[in-house]
Amino acid sequence: MVFWFSPTLDDVSNQLVGVFENPALLLGIPLALSGAVFMSFGAQYQHRGVTKVGQLAGGANSNGLTLSQLGRLLTRPSWVLGTVMLGLAIVCQLGALSVAPLIVVQPLGAISLVITTLLNARVTGHTPTRRSITAIIACVGGIFLFVTVAALFAVEQAVTTSQIVIVLLLLLVISIVLVLLWLLFRRRQARALFYVVAAGIVYGFVATLAKIVILRVQDGNFDWLTLLSLVALVAGTGLGAYFVQTAYSSGPPDLAIAGLTVVDPMVAVLVGLTVLGEGSAVPFWGYVIFIIAGAVAIWGVINLAIYHPQVMKDSQELNIRRGSGELRQPDETE
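What counts, and at which threshold
- Residues numbered from 1 in each chain as written.
- Predicted model: local features only at pLDDT ≥ 70, side-chain atom pairs only at ≥ 80, totals over all residues.
- Heavy atoms only, no water.
- Core = buried A, V, L, I, M, F, W, Y, C linked by side-chain atoms within 4.5 Å.
- Buried < 20%, exposed > 50% of the residue type's maximum accessible area, 1.4 Å probe, protein only.
- Helix = DSSP H or I, 4+ residues; strand = E, 2+ residues; numbered from the N terminus.
- Expected span 1.5 Å × (residues − 1).
- Axes fitted to C-alpha atoms, helices over the stretch in contact; angles between N-to-C directions.
- Parallel < 35°, antiparallel > 145°, perpendicular 65-115°, else oblique.
- Left-handed = near helix turned anticlockwise from the far one by under 90°.
- Contact = heavy atoms within 4.5 Å.
- Nonpolar A, V, L, I, M, F, W, Y, C, P; charged D, E, K, R; others polar.
- Salt bridge = Lys/Arg side-chain N within 4 Å of Asp/Glu carboxyl O.
- pLDDT = per-residue confidence, 0-100.

**Some remarks on the nonpolar core**
Nonpolar side chains tend to gather and get buried jointly when the protein is soluble and globular.
Inference 1: Leu113, Leu209 and Phe243 are the most contacted members of the largest nonpolar core, which has 73 residues in total.
Inference 2: A per-element tally of this core places helix H10 (residues 192–218) first, with 14 residues.

**A closer look at H10**
Inference 1: If you check H10, its first and last C-alpha atoms are 38 Å apart, about what 27 residues at 1.5 Å a residue would give, namely 39 Å.
Inference 2: Taken across its 27 residues, H10 has 22 buried, putting it largely inside the fold.
Inference 3: Just downstream of H10, Gly220 is the residue with a positive phi angle, here 70°.

**So, the packing of helix H9 (residues 161–185) against H10**
The angle between the axes and the distance between the axes are what describe a pair of packed helices.
Inference 1: Look at H9 against H10: their axes get within 11 Å of each other, and the N-to-C directions meet at 160°. Our classification of the angle between H9 and H10 gives roughly antiparallel. Between H9 and H10 lies a crossing of left-handed hand. Contacts between H9 and H10 involve Ile164, Val167, Leu168, Leu170, Leu171, Ile174, Leu178, Leu181 and Trp182 on the former and, on the latter, Phe194, Tyr195, Ala198, Ile201, Val202, Phe205, Thr208, Leu209, Ile212 and Arg216.
Inference 2: Looking at the contact of H9 with H10, its residues break down into 17 nonpolar, one polar and one charged.

**As for the pattern of salt bridges**
Inference 1: Evaluated as defined, the whole model comprises one salt bridge.
Inference 2: A salt bridge links Asp223 to Arg216; the nearest nitrogen and oxygen atoms lie 2.8 Å apart.

**Structural notes on the confidence of the model for the protein chain**
Interpretation of this model should avoid reading the predicted coordinates in detail wherever pLDDT is low.
Inference 1: Scored by pLDDT, the protein chain comes out at a mean of 75, with 74% of its residues at no less than 70.
Inference 2: Averaged over each element, pLDDT in the protein chain is lowest for helix H1 (residues 9–15) (45) and highest for H9 (90).
Inference 3: Confidence drops under pLDDT 50 across residues 1–16; counting only partners more than four residues distant or on other chains, this segment forms six contacts.
Inference 4: Counting contacts from residues 315–334, a segment whose pLDDT is below 50, to residues more than four positions away or on other chains yields 17 contacts.

What follows is the structure, encoded as structure tokens:
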């Protein structure tokens, strides 16, 4: 007896439309992974440059980088090198987006979290703790579970005018809200987690707009709406970059990358699924996995923000109480 919920072999094979219907995924995935490697090294070098500028200005600035500090970044070779690497990461990502669906490409950036963590541990000497490693595993594991299901079912749809308008309006409203929150909390020592979440949200829309522009150009439809999307893409990149640089000035680089590689793809995938229609072939159980995987990855980011060894060391030196532990007084040699 075959129950109503028992899928047949033909049903399953018909549902697995992603990689089988679009072999270009086999090119898009390695391009996205290459971009993740460039992002890791770029983040480390940019963080070094931002930290140096902060030290010369008298310490880290969690209220946001000033215009003069942003200008000084251009004089730091490490920051410039990191920017070049991030530019290469963007090129790889755009190449991946040109041949693969958005909901497949974006989550693959999570591999950069592992690389950045290893680089930061080697540079700073802050060996990852068991809790921070667990958080990283949750981030990467959740994202890769997400992308596995997405790769099997993701399909590309023609982007309509109404869909583009919705994406642009959402980006405008969310950007205004984030700027208002920054103005409200910047005098209250906003933490790095706020900046990486804000950057991740904005960059999620930037990736979506990049995909829209690529699809429109490929279709030979470069009209005023495409141009407006390109302008919004550039503006969003600038806003997200400011949040990222401030995150570097107030926290370790792997924490910033953790937020970006989880929040960014979550936002991009959510827009891709709900607005662009890339999830039209995803079955119900696929959405259940998306929710579970996303929750696990977000849990990992929050716990990494709490238990990152460099964050814990800095909080002890600043006499910040953590849990029920006693405050440690820094000695004069620190």
